[in-house]
Every structure is written in C-alpha cells, then in structure tokens.
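So you can see what is in the structure, the chains are spelled out below.
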Amino acid sequence: QVQLVESGGGLVQPGGSLRLSCAASGTIYSISAMGWYRQSPGNQRELVAVISSGGSANYADSVKGRFSISRDNAKNTVVLETGSLKPEDTAVYYCYAKLTPYSTHRQQTYWGQGTQVTVSL
C-alpha cells in the first residue's frame, strides 16, 4: 500500500516561513514527478511547485522567488520551503507523486491527506 504523508503546516504571521515535508512509503518501483498543490475555500486546486526525478523544478508565478522545492530520491521525500508568506498563501497544501508501485507496475498519481497553512496576524 502506497501512502504519502505530509507534515509541517501551521499558523504563521505574514512574512514568515514554513517547511512542508512529504514522504512516500510502500513498495515503490519508481517515482517521476513530485510536487505540491494547494486549495483555498471557494477556489480550485492549483499547482504550487513540481520537481522531476532529475531535480528540475517549476513554480507557480505567485510563489516564484519565495518558495523552494527539493527532493531526496533515496528517501522518497519532497520538501517545500515557503518564505515571505502572505495571507493569500493560506490554503490546504497537498503533496502528490507520480509513481509506479511494484504491485501494478503502472504509473499513477498519489495524493497526501493535506496540511493546513494559515498566514495571519
């Protein structure tokens, strides 16, 4: 059984930072892209950042220069370092991974349960 487990959300003041982590566990054959989406009330889920297995990263325009994504392929983990946080960054952040489990040998997208990030005074 493959699982993605996130940690690191919370309440932070504007201008602050948070470190979001996500670990994939289970019998995993390979992982291609890993990344983060977010969703705030009344809005669609939007891509925040994605990183390939080779380390190439892409970011939403709204977070460029403020957020940084990294991964550890040996540990099947991905980290989102957030900085200069704004109230509009408030959302539930979801980790995802495009991975191939040994059980199916078919690539599928898996999601974490989400972690709340709240930016407020």
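Heads up: the structure comes first, above all this text.
Bear in mind that the values here come from a model prediction, so they are computed numbers and not experimental data. (Residues numbered from 1 in each chain as written. Predicted model: local features only at pLDDT ≥ 70, side-chain atom pairs only at ≥ 80, totals over all residues. Heavy atoms only, no water.)

## Some points on the packing of aromatic side chains
- What the rule picks out here adds up to 4 aromatic pairs.
- Between Tyr 37 and Tyr 96, the aromatic rings sit 5.3 Å apart at their centres with planes inclined by 70 degrees, giving edge-to-face as the arrangement. In this pair, Tyr 37 sits in strand β4 (residues 28-39) while Tyr 96 sits in strand β9 (residues 91-101), placing the two residues 59 residues apart along the sequence.
- The exposure class of Tyr 37 is partly exposed, given its relative accessible area of 23%.
- For Tyr 96, a relative accessible area of 6% gives the class buried. (Phe/Tyr/Trp six-rings, centres within 6.5 Å; stacked < 30°, edge-to-face > 60°. Helix = DSSP H or I, 4+ residues; strand = E, 2+ residues; numbered from the N terminus. Buried < 20%, exposed > 50% of the residue type's maximum accessible area, 1.4 Å probe, protein only.)

## Structural notes on the pattern of salt bridges
- Summed over the entire model, instances satisfying the criterion amount to 5 salt bridges.
- Here Arg 38 and Glu 46 are joined by a salt bridge, their closest N and O atoms 2.7 Å apart.
- A relative accessible area of 6% means that Arg 38 is categorised as buried.
- Across the salt bridge formed by Arg 38 and Asp 89, the nearest N and O atoms sit 2.9 Å from each other. Residue Arg 38 is located in strand β4, and its partner Asp 89 is located in the loop between β8 (77-82) and β9; the two are separated by 51 residues in the primary sequence.
- Among the ionic contacts, a cluster of salt bridges with common partners joins Arg 38, Glu 46, Arg 66 and Asp 89. (Salt bridge = Lys/Arg side-chain N within 4 Å of Asp/Glu carboxyl O.)

## With respect to the nonpolar core
- Core analysis: the largest hydrophobic core is formed by 28 residues, its most contacted members being Trp 36, Val 48, Val 78, Leu 80 and Tyr 93.
- For this core, the secondary structure elements donating two or more residues are β3 (18-25), β4, β5 (46-51), β7 (67-72), β8, β9 and β11 (115-119).
- Leaving out residues up to four positions away in the same chain, Tyr 93 has contacts with Glu 6, Leu 20, Trp 36, Tyr 37, Arg 38, Val 48, Phe 67, Leu 80, Gly 114, Thr 115 and Val 117. (Core = buried A, V, L, I, M, F, W, Y, C linked by side-chain atoms within 4.5 Å. Contact = heavy atoms within 4.5 Å.)

## As for the sheet that holds strand β1 (residues 3-7)
- Taken in spatial order, the 4 strands of this open sheet run β1-β3-β8-β7, and their pairing is antiparallel. The open sheet is flanked by β1 and β7, the only strands paired with a single partner. The mean inter-strand angle of the sheet, taken between neighbouring strand axes irrespective of direction, is 15 degrees.
- Of the pairings in the sheet, the one linking β1 to β3 comprises 5 bridges and is antiparallel in character. Counterpart to Gln 3 in the pairing with β3 is Ser 25. (Pairing = 2+ DSSP bridges. Axes fitted to C-alpha atoms, helices over the stretch in contact; angles between N-to-C directions.)

## Considering the pairing of β3
- Two strands pair when backbone bridges link them, and β3 and β8 are joined in this way by 6 bridges, in the antiparallel orientation. Counterpart to Arg 19 in the pairing with β8 is Glu 81.

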